[in-house]
Amino acid sequence: MKVLFVCSGNKADGPGAVVANQAQSLKNAGVEIDYYLIKGKGIKGYLQNIKGLKKQTDRNKYDVIHAHGISSIVATFAMVIPLVVSLLGSELNESSLIRRLIRFMAAKRWNHTIVKSQDMELKLKLKNNAKISIIPNGVDTELNRPIDKNKAREAVKLADSDKIVLWLADPARKSK
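Conventions used here
- Residues numbered from 1 in each chain as written.
- Predicted model: local features only at pLDDT ≥ 70, side-chain atom pairs only at ≥ 80, totals over all residues.
- Heavy atoms only, no water.
- Buried < 20%, exposed > 50% of the residue type's maximum accessible area, 1.4 Å probe, protein only.
- Helix = DSSP H or I, 4+ residues; strand = E, 2+ residues; numbered from the N terminus.
- Pairing = 2+ DSSP bridges.
- Right-handed = clockwise from strand over helix to strand, strands pointing away.
- Axes fitted to C-alpha atoms, helices over the stretch in contact; angles between N-to-C directions.
- Contact = heavy atoms within 4.5 Å.
- 1 Å grid on protein atoms, 1.4 Å probe; cavity = no way out; pocket = protein on both sides within 12 Å on 5 of 7 lines; lining within 4 Å.
- Points joined across faces, edges and corners; volume = space filled by probe spheres on them.
- Nonpolar A, V, L, I, M, F, W, Y, C, P; charged D, E, K, R; others polar.
- Phe/Tyr/Trp six-rings, centres within 6.5 Å; stacked < 30°, edge-to-face > 60°.
- Polar contact = N/O pair within 3.5 Å; in protein donor to acceptor, adjacent residues only side chain to side chain.

What am I meant to see in the pairing of strand β3 (residues 64-68) here?
Look at any regular strand and the pattern is simple: side chains alternate between the two faces of the sheet. For β3, a buried count of five out of five residues is recorded, marking the element as mostly surrounded by other parts of the structure. Taking every second residue as pointing to the same face, both faces of β3 are buried, with V64, H66 and H68 on one and I65 and A67 on the other. Pairing between β3 and strand β4 (residues 83-86): four bridges, direction parallel. When the bridges of β4 are listed, H68 appears paired with S86. Note that the unit made of β3, helix α4 (residues 71-77) and β4 has a crossover that is right-handed.

Laid out in structure tokens, this is it:
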């Protein structure tokens, strides 16, 4: 099977960790993965990628196009099929216009939609839940495993009294 991942490509080192981990899991299962990395920021930046994505899908035979997050808008406008979309979470917390656009595309244009939680499924408000699956992000248990709390604090040079808050997104993004 050959799958094209459509995702943000604004990081210097390629796709984000969630998408890269998902791709690696599929590669480990024997799936061939190509990427179309969306370059640019904002709606204008994303929309400028429609023609390039269409060219790549016209040149290559893919069994599935799997778009991630807001990149799904580019894939939808490029009219690539079959299109599976993984919503990452924040898309449903964006402006009401973006939320309505995503709801319409999930209902009318996408072959299947993957969400990370039941809460996301409820926010999407699809009438035909046959087109939606809840699949949380996986965890690489080789890389992430429980260790002693004191050893962990020592490894990152945190005092026992330091409070820890993990924030894995840009705090300037209101949707996060």
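When you look at the sheet that holds strand β1 (residues 2-8) in this model, what are you seeing that I'm missing?
In any sheet, the strands associate via hydrogen bonds between backbone groups, in a parallel or an antiparallel arrangement. The strand order across the open sheet formed by six strands is β2-β1-β3-β4-β5-β6, and the pairing between neighbours is parallel. One side of each edge strand has no neighbouring strand; the edge strands of this open sheet are β2 (32-38) and β6 (132-134). With direction set aside, neighbouring strand axes in the sheet form an average angle of 20°. Here β1 runs beside β2; their pairing, made up of seven bridges, is parallel. Opposite V6, over in β2, you have Y36 as the bridge partner. Against the sheet, helix α3 (residues 50-59) touches β1, β2 and β3, its axis set at about 160° to β2.

Honestly, the layout of surface pockets in this entry has me stumped. Any pointers?
To find leftover empty space, a probe the size of one water molecule is rolled over the atoms. Each pocket or cavity is described by its volume, and for the second largest pocket that value is around 280 Å³. Every residue along the wall of the second largest pocket is listed here: N144, K149, A152, R153, V156, L158, I164, L166 and L168. Within the lining of the second largest pocket, the residues separate by chemical class into six nonpolar, one polar and two charged.

Looking at this structure, how should I read the packing of aromatic side chains?
In this description, a pair of aromatic rings is defined by centroid distance and the angle of the planes. Overall, the coordinates contain one aromatic pair when judged by the stated rule. Taking 6.0 Å as the distance between ring centres and 85° as the angle between the ring planes, the aromatic pair formed by F5 and Y35 counts as edge-to-face. A residue pair is termed long-range when its members are at least 10 positions apart, and F5 in strand β1 and Y35 in strand β2 qualify at 30 residues.

Help me understand the side chain of H66, please; the structure alone is not making it clear to me.
Within the secondary structure layout, H66 lies in strand β3. H66 gets classed as buried once you look at its relative accessible area, which sits at 8%. For H66, the side chain forms a polar contact with the side chain of S86, separated by 2.6 Å.

Mind showing me how you'd approach empty space enclosed by the protein here?
Under the definition given, this model contains one cavity of 30 Å³ or more. Estimated volume of the largest cavity: approximately 30 Å³. Lining the largest cavity are I43, Y46, L47, I70, I73 and V74. For the lining of the largest cavity, the secondary structure elements donating two or more residues are α2 (42-47) and α4. When residues of the lining of the largest cavity are assigned to their parent elements, the largest contribution, three residues, is made by α2. Here the residues of the lining of the largest cavity sort into six nonpolar, no polar and no charged.

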